[in-house]
Amino acid sequence: MATERRRRGHRRRDKPNRAPKPPRRAVPAATTSVDDVPDHLLEDILLLLGPSSACLFRAAYSCKRWRRVVTGAGFLSSFRERHGVRHHVAGHYHTVDTYYGPSALPGGKISVFVPSSSLAGVDSRWFSLDFLPESDDDSSWELADSRSGLLLLSKKKRTRTNHAGERRFFTDLIVCEPLTRRYQGILCPADLSEYQCLGVFLLDGDGIGSGGGVSMSNFKVLCALYDRCRWHNLHLGAPLACVFSSGSDGGGWRLPKSAVADDIQLPGRFNAMSFVGRANGCLYWGIEDDEDGAMLVLEENTMEFSLLTFPESIRESYHKRTFRIIAGDDGATRVLRVIGNDLKVFMELADNASEWVLEKLVRLPEATRGLPGHEERYFQQNEAMVVAASAAYVLLTPSVEKTCLFSIELETMRVERHLERNKYPGVAYAYELPLLRAADTSY
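Source: prediction; values computed, not measured.

Which residues make up the overall build of the chain, and what values do they have?
In terms of regular secondary structure, the chain is built from seven helices and 25 strands. With 443 residues in all, the chain has 47% of them scored as buried. Sequence separation of 24 or more characterises 53% of the internal contacts of the chain that already satisfy a separation of 6 or more. Of the roughly 23,300 Å² of accessible surface on the chain, 49% is carried by carbon and sulfur atoms.

The following block contains the structure:
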């Protein structure tokens, strides 16, 4: 009997009276977003943007992750190969040389930014320089150089006679990045303030000329100076160079041992020298009335000065108004010369640095005859003058009418009159999008 009760109790424990289970609800599917796309697929998607680099520019500045992918190793090479893009220049910052045109830019601006065609429609305020600190009452900031996404500016005195090509003493500098609105002031060393300045230039940061890239935390400034007192002779001068390195670890100005050129004697008249170009790691200054036809050269990598003599067919005159040196798109060094109102383009042969060939020629009186505002008298007396030159084009003007600017595309040798860039008779500094270098992704 007891055994039977235990069995019945066991059965009751096995089958208790339970409430019916509610029906199972469907588990909602997990939501996905673009953040779930793995990097390798995101890279494939971003590679489809183009061929305009403006789309890539907008994508890279949308978030840190996309910027990291765009600036990653190999992405830009793949982008260039896919779309056949060789350059990623956002545009040019144009200055005004009062020798050729009006005394100031519209609205008292330091420069005017003219975007490239690939960035049409991009907000120009991204490239404004209105964030820079105001200079003294008797001075203003002037563009001196550009490199990738950085600009270099120097302080100049405000006088009625100054123009962009005037020689000045070494002074304070500013390096800035317009797209992030960051800048760093660089004070002129007290012991160098009495030296006249041949020019200041931006270099990559991780070792001069090493290709280590450039950013606000990683740049160098090279300054070429003129020392008139080295020989204790008013008729002679000497060049020297100093360099500023960014960063708190070892940053600041220094004077390399190789920068003092005791074996080079320059004319005592400082204005006899004019900066005529930069190409393939070298900076060039023409020396007027030099008996040997020599030119001063500063090598960025070694910071050593030397003298160079061009063939007679090229040199004739090293004045910057008729002579410029540029680096072509193909990497070859080229000389632009105006001789008898002919624009001549000479190219240095790669296998023979001492041999130059005439690559292209444009007869300016005939080539400009159909341009608006052209007059026959423009080229009847004096030679045309070179206002500015780059790898893409050269800006010229007749000497008798210095405000009649026209440009020539160096690839096609086509002459243009009514272009936005032709409105500003001064140096144009190319501005490359910062995302198209190994950039700092912390901002």
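Please give an account of empty space enclosed by the protein that cites residues and values.
Under the criterion given, the structure shown has one cavity of 30 Å³ or more. For the largest cavity, the calculated volume is near 50 Å³. What lines the largest cavity is simply Thr-368, Leu-371, Pro-372, His-374, Tyr-378, Phe-379, Pro-398, Cys-404, Leu-405, Phe-406 and Arg-417. Residue classes in the lining of the largest cavity are distributed as eight nonpolar, two polar and one charged.

Pulling in residues and values, what's your account of the sheet that holds strand β22 (residues 393-397)?
One open sheet holds the four strands; their spatial order is β21-β22-β23-β24, and the pairing between them is antiparallel. For this open sheet the edge positions go to β21 (385-389) and β24 (415-416), each flanked by a neighbour on one side alone. Where strand β23 (residues 406-409) meets β24, two bridges bridge the pair, whose relative direction is antiparallel. The partner of Ile-408 across the bridge, within β24, is Val-415.

How would you sum up the pattern of salt bridges? Please name residues and give values.
Evaluation of the coordinates by the stated rule reveals 14 salt bridges. A salt bridge links Arg-182 to Glu-177, with the nearest nitrogen and oxygen atoms 3.3 Å apart. Among the residues examined, Arg-182 registers a relative accessible area of 32% and is labelled partly exposed. Across the pair Asp-342 and Arg-363 runs a salt bridge, and its minimum N-O distance is 2.8 Å. With Asp-342 in strand β19 (residues 342-348) and Arg-363 in strand β20 (residues 356-363), this residue pair connects regions lying 21 residues apart in the sequence.

Requested: an account of the side chain of Asp-204, with residues and values cited.
With respect to the helices and strands, the residue Asp-204 is situated in strand β8 (residues 196-204). Side chain to side chain, Asp-204 and Arg-147 meet in a polar contact 2.8 Å long.

Which residues make up the environment of Ser-306, and what are the values?
Assignment of secondary structure puts Ser-306 in strand β16 (residues 304-309). Residue classification places Ser-306 among the partly exposed positions, given a relative accessible area of 33%. Residues Ser-306 and Met-295 lie eleven residues apart in sequence; the distance between their C-alpha atoms is 8.3 Å. When sequence neighbours within four positions are dropped, the list of residues in contact with Ser-306 reads Ile-264, Met-295, Leu-296 and Val-297.

Before we move on, can you summarise the sheet that holds strand β25 (residues 428-432) with the specific residues and values?
As a general point, the strands of a sheet are linked pairwise by backbone hydrogen bonds and lie either parallel or antiparallel. Taken in spatial order, the three strands line up as β2-β1-β25 in an open sheet, and their pairing is antiparallel. Both outer strands of the open sheet, β2 (112-115) and β25, are each paired with one neighbouring strand and no more. Across the sheet, the axes of successive neighbouring strands diverge by a mean angle of 30 degrees, strand direction being ignored. In terms of strand pairing, strand β1 (residues 89-94) meets β2 through four bridges, oriented antiparallel. Bridge pairing in β2 links Gly-91 to Pro-115.

Reading the values: rules and limits
Residues numbered from 1 in each chain as written. Predicted model: local features only at pLDDT ≥ 70, side-chain atom pairs only at ≥ 80, totals over all residues. Heavy atoms only, no water. Helix = DSSP H or I, 4+ residues; strand = E, 2+ residues; numbered from the N terminus. Buried < 20%, exposed > 50% of the residue type's maximum accessible area, 1.4 Å probe, protein only. Contact = heavy atoms within 4.5 Å. Areas by Shrake-Rupley, 256 points an atom, 1.4 Å probe, with all protein chains shown as cover. 1 Å grid on protein atoms, 1.4 Å probe; cavity = no way out; pocket = protein on both sides within 12 Å on 5 of 7 lines; lining within 4 Å. Points joined across faces, edges and corners; volume = space filled by probe spheres on them. Nonpolar A, V, L, I, M, F, W, Y, C, P; charged D, E, K, R; others polar. Pairing = 2+ DSSP bridges. Salt bridge = Lys/Arg side-chain N within 4 Å of Asp/Glu carboxyl O. Polar contact = N/O pair within 3.5 Å; in protein donor to acceptor, adjacent residues only side chain to side chain. Axes fitted to C-alpha atoms, helices over the stretch in contact; angles between N-to-C directions.

Shape is all these values report; function is a separate question.
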